[in-house]
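Spelled out from the first residue to the last, the chains are:
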Amino acid sequence: MFAPVLLTLLASASAAVAGVVDSSLLSKRASPVENLKLVVEYQTEQRLHVKIYDAAQQVYQVPESVLPRPPNGAVDDQKSDLVFSMVNKPFSFAITRRSNGDVLFNTSGSAMIFESQYLRLRTQLPVSPHLYGLGESTDPFMLNTTNYTRTLWSRDAYGIPPGTNLYGNHPVYFDHRGSKGTHGVFFLNSNGMDIKINNTAGQYLEYNTIGGVFDFYFLSGPSPKQVATQYAQTVGYAAMMPYWGFGFHNCRYGYRDVYDIAEVVANYSAANIPLETMWTDIDYMDMRKVFTLDPLRFPLHLMREFIDYLHSHQQHYVVMVDPAVAYQNYPAFNDGVQQNAFLKFANGSVYKGVVWPGVTAFPDWFAPGTQGYWNGEFDSFFSASTGVDIDALWIDMNEASNFCSYPCTDPEGYARANGFPPRPPPARLGSPRPIAGFPADFQPQCTAQVSFNVNASTYFGENIIILGSSVTLGNGDITQAPGMSANNYPIWNAVVDLPTDTTVTYQYVRSENDGSYIYEKTNRTIHTGACNGTVQTVSDTITTTQGTPKSKRDAVDSSVPAALHPYLMERQSQGNMKGLPGRNLIDPPYMINNFAGSLSNKTLNTDLVHANGLVEYDTHNFITRSTFAGAGRQVGHWLGDNFSDWDHYRWSIFEMLEFAALFQIPMVGSDVCGFGGVTNDILCARWATLGAFYPFYRDHNENGSPPQEFYRWPLVAEAARNAIDSRYRLLDYIYTALYHQNQTGEPLLSPMFFSYPNDANTFPLQYQYFYGDSILVAPVTEENSTSVDIYLPNDQFYDFYTYAPVRGNGAMLSLTNVAYTTIPLYIKGGSIIPFRSSSANTTTELRTKNFNIVVAPGLDGAASGRLYLDEGDALAQPATSVISFKYSRGQLSMSGTFGYNPNVVIATVTLLGANQTASYNNGGYGGNNDGKNGGNDVGNDGNGNYADYGGNGGSAGTFNATSSTMAYTVNAPLTKAFNMNLGGGRKF
């Protein structure tokens, strides 16, 4: 281990490079930080830690509470795979691979800059490198290496446009050099940064960050999968997710009420499409306030009935929670104020922004009372006995997103002018149609319906609402009054449920674009008809005149009162790593390429000071909806607000690979069929099949777009049934892969080059990948196409659906006539895959299905696989089984630990690539209680050991000449080890 070295020469190094820095920076640049320390730690044989920081330790560093540091094993530097070297004047350092002398990281040739608000460091790279990572992004999976900038700064990124900074921040990259090996570089820094990759002065990668320190972890690999496991050891292993989390999920922003979501559940059942989990977006909230229910549309008693129905049918329920709390007099806000849980201005007043409920406060996650406050709100609102009994939680909008543009000096005015909270849809007094299987409260009720029509000319941005004496007309509360549709402008229309045989008063109100209202002078009346009779129609003309459009400008004054915004950060105490004094926290000297503009635009003010003294300028990038390095230890991730188009369909593949394979967040997926815009049956059918091979599989779209539940098109419904059938039969296989990522960091999804690191043809592949380590997914990616060209390396594969052998030759393979209802899949040779014998409507039912073990020999005639079993839901598992399968020379063996009894058996074993000429009449198996493999073809008497399930001499397999498979009936329990003779099979 290198001892810490004090470097003062870095100050002059900074000055020396002034001539190569953009002149626009020079007038703003602060003086360099002097008295820097260098620490080099050989933490393991594969991980080298290099940190350069200020000796006084005032400069901000990522807190251990956000990312716990990996242990330092302090290995002998001579045993390390990596070699650190340095030059004193001018300062530079390099990292070399010991085994072959390959230089992996080299800062020479470009001096390093270390200033309070600007750090720069450049490393040389080989010509045309193969780089991956540095997310979150929708840019190509293999990074562009010419005139390319990747910006890391969390923002609410609707549409996830390429070439921009998105929700999350993962400053780690994999550098793959073929036969020379793969290494990883993790830059532990949460400040905003531009990472530039170019070849103008030789190939290089350059970090430009607006704060923090240089804190690097170098990972030696040498294989891509080993780099992934080493990164997991550095930032933490991915969390286990519940077994049911791999089921199919459905959501939509815009479900009208509890009857709407119940009808969706019933429709999926009627369409015979398995629905594991129903989700609800912010529609369930009362005027978008967190920890509330809309009393008219999602009343508590009906929500509890709905959730009870789901749970009684082995289904689950998830809702969204946003972190922004409405700045209103209600329990969630009052509790937060009482417990000092919100971010505050310098004068002690609560900081205000604007999100869905209008003016909002934001939790200060570094305040001592915040976690207790947040836990308390959850315990109360989501109480299993008295509240909304959810099964999991969905967090959104916490980049943090703030709709009000900086400096947002009038959040109340901005909310009024821009319609926050949005007006809820007209309330219904019952379901308009029978909902099969649901209780009486979800069936049509005795109501009258009235179609209100009014002739009203309006300016753009002015709307008409109807306010009356019925609860469905707001009952005098203008905020609850329903809006009217202008589809037949100038006639505005709303169809409203009303009580029967009742006189109702009402009037038409103009809703102005500044949040004000123009009321009619007198009310109108209507007497409603009988129960569920003909819809009554009224036609009126509004009596008020068109209003005057108001400007929608946000702030009346762009200046920020000094009392509210400490523009320049005050001095922090010595050694607290909270930032140097005198920093410009709003407009730093170096401005990163933030797509939203200034650092504080559409988010929290970056000069806000947290309760513990940290500032938002430094912490912004790890308080995010999407993720910072290490977030996979606790959460999964959906890939944000995408669009319903073929580009986003394609981008979802490599985005998913980045998170699962590189960033150690394996429970990941995109909104299937797209969130924004209008999908169609072909796109949605293709996406339904692709989404079945995301770890997280959810159909979700936005309010204002047509509904896109899978059952709405016959083609999509068929595609979904096919895809879910395959997904569910493989569910234990992918659950096993998640377990191993949780234990070792080995990714449950991986790009092609992870499995074929020496095949240069795999390096740029971004649309085909391995689901688990054995299922090759190769989707059709072109619009309306039924063909696709895929790459098969020089290896043995098998068609997933027919089991027929397919020999890869390191060349492209053209697939034609690929139906819209299927997706090309292949089993990699050398694999043993545990399939469930059939699919099911729910994952609970699926767990009652027996297994079919599929043996797919590789070119050498051998194969291996694994199976993890537990009860599927508990945080602490009471019992588990970790099972290994091996096949070689005709012998299949199962060994491992068998603590969990799944109460199912291995019903069949299927050998792929079988040769009928081999001898198959010795198919029996034997085993012992001691966990060691049995060696006899026939087991003993069954008193604690294996009986002869295969019959006298074992079952002779059934040969299928078309697919070259041999199938054996086994019925072996999953509680003991065994050996089984499958005959010779075929060696390719």
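Computed from a prediction, not measured in an experiment: that's the story for all the values here.

**Focus: the overall build of the chain**
Scanning the chain for helices and strands turns up 15 helices and 52 strands. Burial status across the chain gives 60% buried among its 988 residues. Entry remark: accessible area of the chain is about 34,900 Å², with carbon and sulfur atoms responsible for 49%.

**Points about the nonpolar core**
In terms of nonpolar packing, the biggest core is built from 152 residues, with Phe306, Tyr317, Phe710 and Ile827 touching the most fellow members. Counting residues per element, this core draws most heavily on helix α10 (residues 646–662), at eleven residues. Ignoring sequence-local partners within four residues, the contact set of Ile827 consists of Ser774, Ile775, Gln796, Phe797, Tyr798, Phe800, Tyr803, Ile833, Phe835, Val854, Ala856 and Leu912. Judged by nonpolar contacts, the second largest core, of 41 residues, contains Val50, Phe114, Leu134 and Ile197.

**Remarks on the pattern of salt bridges**
Going through the model one piece at a time under the given rule, you end up with 22 salt bridges. Across the salt bridge formed by Arg836 and Asp732, the nearest N and O atoms sit 2.6 Å from each other. Within this pair, whereas Arg836 is found in strand β43 (residues 831–836), its partner Asp732 is found in helix α13 (residues 731–744), the two being separated by 104 residues in sequence.

**Regarding the confidence of the model for the chain**
In the predicted model, the chain carries a mean pLDDT of 90, and the fraction of residues at 70 or more is 89%. Low confidence marks residues 552–574, where pLDDT is under 50. Its contacts with residues over four positions away, or in another chain, come to 56 contacts. Contacts for the low-pLDDT stretch residues 918–954, under 50 throughout, to residues beyond four places or in other chains number 99 contacts.

**Quick word on the packing of helix α4 (residues 258–270) against helix α5 (residues 300–312)**
Relative to each other, α4 and α5 sit at 10 degrees, their axes nearing to 10 Å. Relative to α5, the element α4 lies roughly parallel. Side by side, α4 and α5 meet where Val258, Tyr259, Ile261, Ala262 and Val265 of the first sit next to Leu302, Met303, Phe306, Tyr309 and Leu310 of the second.

**A few points about the sheet that holds strand β26 (residues 491–498)**
Strand order in this open sheet of four strands is β25-β26-β23-β30, and the pairing throughout is mixed. Only two strands of the sheet have a single partner each, and these edge strands are β25 (485–488) and β30 (536–541). Strand-to-strand twist across the sheet, computed as the mean angle between neighbouring axes with direction ignored, equals 30 degrees. Of the pairings in the sheet, the one linking strand β23 (residues 448–455) to β30 comprises six bridges and is parallel in character. Residue pairing for β30: Phe452 is matched across the bridge by Val538.

**Section: the side chain of Asp175**
Turning to its location among the elements, Asp175 is positioned in strand β11 (residues 170–176). Look at Asp175 and you get buried, because its relative accessible area is 1%. Setting aside its immediate chain neighbours within four residues, Asp175 contacts Leu125, His130, Leu131, Gly181, Thr182 and His183.

**Thoughts on the state of the cysteines**
According to the stated counting rule, one finds three disulfides in the structure shown. Between the sulfur atoms of Cys404 and its disulfide partner Cys408 the distance amounts to 2.1 Å. Between Cys404 and Cys408, the disulfide has an S-S torsion of 110 degrees and is therefore right-handed. An identical accessibility class is assigned to Cys404 and Cys408; each is buried.

**Here's the deal with unusual backbone geometry**
Each neighbour pair has its own omega, and for Gly135 with Glu136 the value is 20 degrees, a cis peptide bond. Locating Glu136 in the fold gives a position in the loop between β9 (130–135) and β10 (148–152). A cis amide bond links Tyr406 to the next residue, Pro407, at an omega of 10 degrees. Positive phi, normally seen in glycine, also occurs at Asn475, with a value near 50 degrees. Mapped onto the elements of the fold, Asn475 is located in the loop between β24 (463–468) and β25. For Asn475, a relative accessible area of 53% corresponds to the exposed category.

**Topic: the pairing of strand β8 (residues 119–124)**
Examined bridge by bridge, strand β7 (residues 113–114) and β8 share two bridges and lie antiparallel to one another. In the sheet register, Phe114 faces β8, and the bridge partner there is Leu119.

**Considerations on α10**
The end-to-end C-alpha separation of α10 is 24 Å, in line with the 24 Å expected for 17 residues at 1.5 Å each. At Ser652, α10 shows its maximal kink, close to 25 degrees. Counting buried positions along α10 yields 16 of 17 residues, so the element is predominantly enclosed. At the N-terminal end of α10, a side-chain oxygen is found 3.3 Å from the backbone nitrogen of Asp647, two or three residues along, and the residue is Asp645. Where α10 ends, the next residue or the one after it, Gln664, has phi of about 65 degrees, a positive value.

**Examining the packing of aromatic side chains**
Under the definition given, this model contains 70 aromatic pairs. Their ring planes at 40 degrees and their centres at 6.0 Å tell us that Tyr735 and Tyr868 sit as a pair that is tilted. Taken together, the residues span a long stretch of sequence, with Tyr735 in helix α13 and Tyr868 in strand β45 (residues 863–869) at a distance of 133 residues. Accessibility classification places Tyr735 together with Tyr868 in one group, the buried group. An angle of 80 degrees between the planes, with centres 6.5 Å apart, marks the rings of Phe753 and Phe763 as edge-to-face. A residue pair is termed long-range when its members are at least 10 positions apart, and Phe753 in helix α14 (residues 752–755) and Phe763 in the loop between α14 and β36 (769–771) qualify at ten residues.

**Details of the pairing of strand β15 (residues 214–219)**
Looking down a regular strand, the side chains alternate between one sheet face and the other. Counting buried positions along β15 gives six out of six residues, so the element sits mostly inside the fold. Alignment of strand β3 (residues 47–54) against β15, held across six bridges, turns out to be antiparallel. Across the sheet, the residue bridging to Val50 is Phe216, located in β15. Examined bridge by bridge, strand β12 (residues 182–187) and β15 share four bridges and lie antiparallel to one another. Paired with Phe186 across the two strands is Tyr217, which belongs to β15.

**A short note on the environment of Ser179**
By the element assignment, Ser179 lies in the loop between β11 and β12. Residues Ser179 and Pro222 lie 43 residues apart in sequence; the distance between their C-alpha atoms is 9.3 Å.

**Overview of helix α3 (residues 224–235)**
With twelve residues, α3 extends 17 Å between its outermost C-alpha atoms, agreeing within 8% with the 16 Å of an ideal straight helix rising 1.5 Å per residue. When we look at burial in α3, the residues that qualify are Pro224, Val227, Ala228, Thr229, Gln230, Tyr231, Ala232, Thr234 and Val235. Looking one or two residues past α3, Gly236 carries a phi angle of roughly 115 degrees, positive in sign.

**A few points about the sheet that holds strand β19 (residues 325–326)**
What the three strands build is an open sheet, ordered β19-β21-β20; its pairing is antiparallel. This sheet does not close on itself; its edge strands, each paired only once, are β19 and β20 (353–355). Bridge count between β20 and strand β21 (residues 358–361): three bridges; the pairing is antiparallel. Paired with Val355 across the bridge in β21 is Gly358.

**A word on the environment of Asp681**
Turning to its location among the elements, Asp681 is positioned in helix α11 (residues 681–691). Exposure remark for Asp681: the relative accessible area of 30% places this residue in the partly exposed category. Every residue in contact with Asp681, bar those within four places of it in the chain, is listed here: Trp713, Leu715 and Val716.

**As for the environment of Thr969**
Of note, Thr969 is situated in strand β51 (residues 965–973). On the accessibility criterion, Thr969 (49% relative accessible area) is partly exposed. Separated by twelve residues in sequence, Thr969 and Gly957 have C-alpha atoms that sit 7.4 Å apart.

**A look at the side chain of Ser190**
Position of Ser190 among the secondary structure elements: in the loop between β12 and β13 (193–198). On the basis of relative accessible area, Ser190 is assigned to the buried category, the value being 1%. Within polar-contact distance, the side chain of Ser190 engages the side chain of Tyr60 at 2.8 Å. Among the polar contacts listed, one links the side chain of Ser190 to the backbone oxygen of Asp618, at a separation of 2.9 Å.

Scoring rules and cut-offs
Residues numbered from 1 in each chain as written. Predicted model: local features only at pLDDT ≥ 70, side-chain atom pairs only at ≥ 80, totals over all residues. Heavy atoms only, no water. Helix = DSSP H or I, 4+ residues; strand = E, 2+ residues; numbered from the N terminus. Buried < 20%, exposed > 50% of the residue type's maximum accessible area, 1.4 Å probe, protein only. Areas by Shrake-Rupley, 256 points an atom, 1.4 Å probe, with all protein chains shown as cover. Core = buried A, V, L, I, M, F, W, Y, C linked by side-chain atoms within 4.5 Å. Contact = heavy atoms within 4.5 Å. Salt bridge = Lys/Arg side-chain N within 4 Å of Asp/Glu carboxyl O. pLDDT = per-residue confidence, 0-100. Axes fitted to C-alpha atoms, helices over the stretch in contact; angles between N-to-C directions. Parallel < 35°, antiparallel > 145°, perpendicular 65-115°, else oblique. Pairing = 2+ DSSP bridges. Disulfide = S-S within 2.5 Å. Expected span 1.5 Å × (residues − 1). Bend = angle between axes of the 7 residues up to and from the residue. Polar contact = N/O pair within 3.5 Å; in protein donor to acceptor, adjacent residues only side chain to side chain. Phe/Tyr/Trp six-rings, centres within 6.5 Å; stacked < 30°, edge-to-face > 60°.

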